[in-house]
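# Tertiary structure, described
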Amino acid sequence: MYAIVEIGGHQYKVAENDVLFVDKQTADGDTLTFDKVLLIKDDNGNVNVGTPVVEGAVVSASILDTVKADKVLVFKKKRRKGYQKLNGHRQVMSQIQIESISTDGSTPKKKSAKKDEAPAKKTAAKESASAKEETTDLESMTVAELKDLAKDKGLTGYSSMRKAELIEALK
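Okay, so let's go over this structure. (Residues numbered from 1 in each chain as written. Predicted model: local features only at pLDDT ≥ 70, side-chain atom pairs only at ≥ 80, totals over all residues. Heavy atoms only, no water.)

### Topic: the side chain of Ser-62
What counts here: Put simply, DSSP marks the helices as runs of H or I at least four residues long and the strands as runs of E at least two long, and each gets a number from the N terminus on. The classification of residues rests on relative accessible area computed with a 1.4 Å probe and restricted to protein chains. Under 20% of the type maximum is buried, over 50% is exposed, and intermediate values are partly exposed. Each polar contact in these results corresponds to two N or O atoms within 3.5 Å; when the atoms are within protein, one needs to be able to donate a hydrogen and the other to accept it, and residues that are neighboring in sequence are counted only if both atoms are side-chain atoms. Contacts are residue-level and defined by heavy atoms, with any inter-residue pair within 4.5 Å sufficient.
Relative to the helices and strands, Ser-62 resides in strand β7 (residues 58-68). A relative accessible area of 11% means that Ser-62 is categorised as buried. Within the structure, the side chain of Ser-62 is placed 3.3 Å from the side chain of Glu-99, a separation counted as a polar contact. The residues contacting Ser-62, other than those within four sequence positions of it, are Asp-30, Thr-31, Gln-95, Ile-96, Gln-97 and Glu-99.

### Some words on the environment of Leu-146
With respect to the element layout, Leu-146 can be found in helix α2 (residues 143-153). Note on Leu-146: relative accessible area 0%, which makes it buried. Excluding its chain neighbours within four sequence positions, the residues that come into contact with Leu-146 are Leu-138, Met-141, Lys-163, Leu-166, Ile-167 and Leu-170.

### Points about α2
We apply this condition: The arc in question is the one traced by the directions running from the helix axis out to the C-beta atoms.
Among the residues making up α2, those that are buried are Leu-146, Lys-147, Leu-149 and Ala-150. Viewed along the axis of α2, the buried residues span an arc of 160°, placing them on a single side of the element. Opposite its buried face, α2 presents the exposed residues Lys-151 and Asp-152, each directed more than 90 degrees away. Just downstream of α2 lies Gly-154, where phi reads positive at about 90°.

### Here we look at the sheet that holds strand β5 (residues 37-41)
How we decide: By the convention used here, strands pair only if DSSP detects at least 2 bridges between them. Convention adopted: a line fitted to C-alpha atoms gives each axis, helices being fitted over their contacting stretch, and angles between N-to-C directions are expressed from 0 to 180 degrees.
One open sheet holds the four strands; their spatial order is β2-β1-β5-β6, and the pairing between them is antiparallel. Only two strands of the sheet have a single neighbouring strand rather than two, namely β2 (10-15) and β6 (47-49). If you compare each strand with its neighbour and ignore which way they point, the axes differ by 20° on average. Alignment of strand β1 (residues 2-7) against β5, held across four bridges, turns out to be antiparallel. In the strand pairing of β5, Tyr-2 is matched with Lys-41.

### Structural notes on the sheet that holds strand β10 (residues 92-102)
The strands making up a sheet associate through hydrogen bonds between their backbones, and the pairing can be parallel or antiparallel. Spatially, β3-β10-β7-β4 is the arrangement adopted by the four strands of the open sheet, whose pairing is antiparallel. At either margin of the open sheet sits one strand with a lone partner, and together these are β3 (19-23) and β4 (31-34). In this sheet, adjacent strand axes meet at a mean angle of 45° when their direction is disregarded. Bridge analysis of β4 against β7 gives four bridges, and the strand direction is antiparallel. By the bridge assignment, Thr-33 is partnered in β7 with Ser-60.

### Observations concerning the nonpolar core
The line we're drawing: Remark: nonpolar core denotes a set of buried residues (Ala, Val, Leu, Ile, Met, Phe, Trp, Tyr, Cys) joined through side-chain atoms within 4.5 Å.
If you look at the biggest cluster of nonpolar residues, it comprises 19 residues, and the most contacted ones within it are Ala-3, Val-14, Phe-34, Val-59, Ile-96 and Ile-98. Going through the elements one at a time, β1, β2, β3, β4, β5, β7 and β10 are the ones with two or more residues in this core. With eight residues, the next largest nonpolar core counts Leu-146, Leu-149, Leu-166 and Ile-167 among its residues.

### Here's the deal with the pairing of β7
When β7 meets β10, the two strands line up antiparallel, connected through ten bridges. By the bridge assignment for β10, Val-59 is matched with Ile-101.

### Section: the packing of aromatic side chains
How two aromatic rings sit relative to each other is given by the distance of their centres and the angle of their planes. Applied cut-off: For Phe, Tyr and Trp, rings pair up if their centres lie within 6.5 Å, where Trp contributes its six-membered ring, and each pair is then called stacked (planes under 30 degrees apart), edge-to-face (over 60) or tilted (otherwise). Two limits define a charge over a ring: the Lys NZ or Arg CZ must be within 6 Å of the ring centre, and within 35 degrees of the ring normal.
Overall, the coordinates contain zero aromatic pairs when judged by the stated rule. Lys-13 extends its terminal NZ or CZ atom over the ring of Tyr-2, reaching a point 4.4 Å from the ring centre. Of note, Lys-78 hangs over the ring of Tyr-83, and the distance from its end group to the ring centre comes to 5.7 Å.

### Focus on unusual backbone geometry
Residue Pro-52 is reached from Thr-51 by a cis peptide bond, and omega for that bond is -5°. Within the secondary structure layout, Pro-52 lies in the loop between β6 and β7. Phi at Asn-17 is positive, roughly 70°, even though this residue is not glycine. Among the secondary structure elements, Asn-17 is positioned in the loop between β2 and β3. Asn-17 sits in the exposed class, given a relative accessible area of 56%.

Structure, rendered in structure tokens:
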């Protein structure tokens, strides 16, 4: 099952347990609900297209982290005039994980979801720890995994490093 959701003016194709980076989201807690669902395709192959949104459809997500994207450099120059200007910008992004896609407008109960996820997280943490020890190829890891590895090793300043800098620091 997947859905097309509008988040912050952008459209994203999401499925359950997907992790994606979106523009900074502000919420009271760690959970978000998005009701601008433009399309839903269920496991049976049925497609429900909204006009403009699917009525009663809700996508719930949780905020994992708030980070800054890579720097975008803006360089302006007028030739033969001696005018040059360089500006940089780093967009603030939220890393979210899609928890569920619902077509009836109800969000899942938090308590039952946490009970089901707690044992899975413990086993996933054990598996990821063993996988980190086995994985010596840092190039194939994502930036988030490299940052977690740097945090475990006790490195400082890893939050502002790029992927290449993280790999050099971890070697």
